[in-house]
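# Close look at the chain arrangement
These are the residues of each chain, in order.
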Amino acid sequence: TSSKNVGDQVNYEITGIDPGAGLMKSTEKAMKDYGLNKDWTLKEGSAAAMTAELKKAYEKKEPIIVTGWTPHWMFSKYDLKYLKDPKGSYGKGESIHTLTKKGFKQENPGANKILDQFYWKPSDMEEVMVDVQDGAKPENAAAKWVKSHKQQVSKWTKGAQKGNGKEVSLVYVAWESEIASTNVAAKVLEQQGYKVKLQQVEAGPMFAGVADGSADAMVAAWLPTTHKDYYNKYKGKFEDLGPNLKGTKLGLTVPKYMPIDSIEDLKK
Ligand SMILES: C[SH](C)CC(=O)O
């Protein structure tokens, strides 16, 4: 690495994702907390564009700082590290919750039960994410995972009435983690006879859709910190079925070949 400081090496840019993501709000908070917001800029884009830039830099062993999260295939594909966050700007470990529209339990008890019982580990989700990253269509990667985890899936469908073609609409944002979880939930619902409609939207419309009932459910609420603004905005207008995954993490992420370890190291 050159003698220039890390800011100069990356043009004082952090490569982010879609502007509506909670991770972007947490990163803006971190940039203020660590006094970076004068010199540094947080580049908006998409989750896919961020991982494409990470790939390009990583293959050339060039410096890059991205907004990262766990579970994500990038940590198994590349040798990456989170920058330490001594001020706790990104909050503690979180869970991903399943939210449904009001009245879903009465309207569609079987699908509600399956979504309520849907629960898996970060390593389960990463299995699906890696397959999708390696080129599998999300619905096929989901089908493969469901097929090879019959035991676990039977716990999700236990006691749930069949769908008999009843419709279920799920909304999600194109984050690699939510593409995986939403497609697995959809596959299990379909196998139980439900007709599932998937809608990919931005983060704001995802919460708005469940809150106004135009969508039945989402499996993508990162709580208590990352989506707290959305959660509080629509409080009372959705049902929170609790975590479908525990042990997530978010923060500034860099290749291990970079000689920095903390967000503090970004200060000039
Ligand atoms: C990008 S994380 C999957 C979720 C979020 O930051 O809103």
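Now for a quick tour of the structure. Everything numeric in this text was worked out from a predicted model, so none of it was measured.

### With respect to helix α3 (residues 47–59)
- Taking 1.5 Å of rise per residue, 13 residues should cover 18 Å, and α3 covers 18 Å from first to last C-alpha, within 8% of that figure.
- Regarding α3, the residues found buried are Ala47, Met50, Thr51, Leu54 and Ala57. Each buried residue of α3 sits inside an arc of 125° when the element is viewed along its axis, so together they form one side. Turned more than 90 degrees away from the buried face of α3, the exposed residues are Lys56 and Glu59.

### Some words on the nonpolar core
- Grouped together as the largest cluster of nonpolar side chains are 84 residues, with contacts concentrated most on Ile65 and Leu266.
- The leading source of residues in this core is strand β8 (residues 217–223), at seven residues.
- Excluding residues that lie within four positions of it along the chain, Leu266 makes contacts with Val6, Leu36, Trp40, Ile65, Leu83, Leu252 and Ile260.

### What to know about the pattern of salt bridges
- For the structure shown, the criterion picks out 16 salt bridges.
- For Asp229, the salt bridge goes to Lys228, with nearest N and O atoms at 3.8 Å.
- Its relative accessible area of 41% is what places Asp229 among the partly exposed residues.
- Where salt bridges share partners, they join Glu13, Lys43 and Glu53 into one cluster.

### Points about the site of the ligand
- Close to the ligand lie Ile17, Ala21, Gly22, Leu23, Trp69, Trp175, Ser177, Glu178, Trp222, Thr226 and His227.
- At 2.7 Å from an oxygen atom of the ligand is found a main-chain nitrogen or oxygen belonging to Gly22.
- Leu23 places a polar main-chain atom, nitrogen or oxygen, 2.8 Å from an oxygen atom of the ligand.
- In the complex, the protein chains occlude 100% of the 260 Å² of accessible area that the ligand would expose alone.

Calculation rules
Residues numbered from 1 in each chain as written. Predicted model: local features only at pLDDT ≥ 70, side-chain atom pairs only at ≥ 80, totals over all residues. Heavy atoms only, no water. Helix = DSSP H or I, 4+ residues; strand = E, 2+ residues; numbered from the N terminus. Expected span 1.5 Å × (residues − 1). Buried < 20%, exposed > 50% of the residue type's maximum accessible area, 1.4 Å probe, protein only. Arc of directions from axis to C-beta. Core = buried A, V, L, I, M, F, W, Y, C linked by side-chain atoms within 4.5 Å. Contact = heavy atoms within 4.5 Å. Salt bridge = Lys/Arg side-chain N within 4 Å of Asp/Glu carboxyl O. Near = heavy atom within 4 Å. Polar contact = N/O pair within 3.5 Å; in protein donor to acceptor, adjacent residues only side chain to side chain. Areas by Shrake-Rupley, 256 points an atom, 1.4 Å probe, with all protein chains shown as cover.

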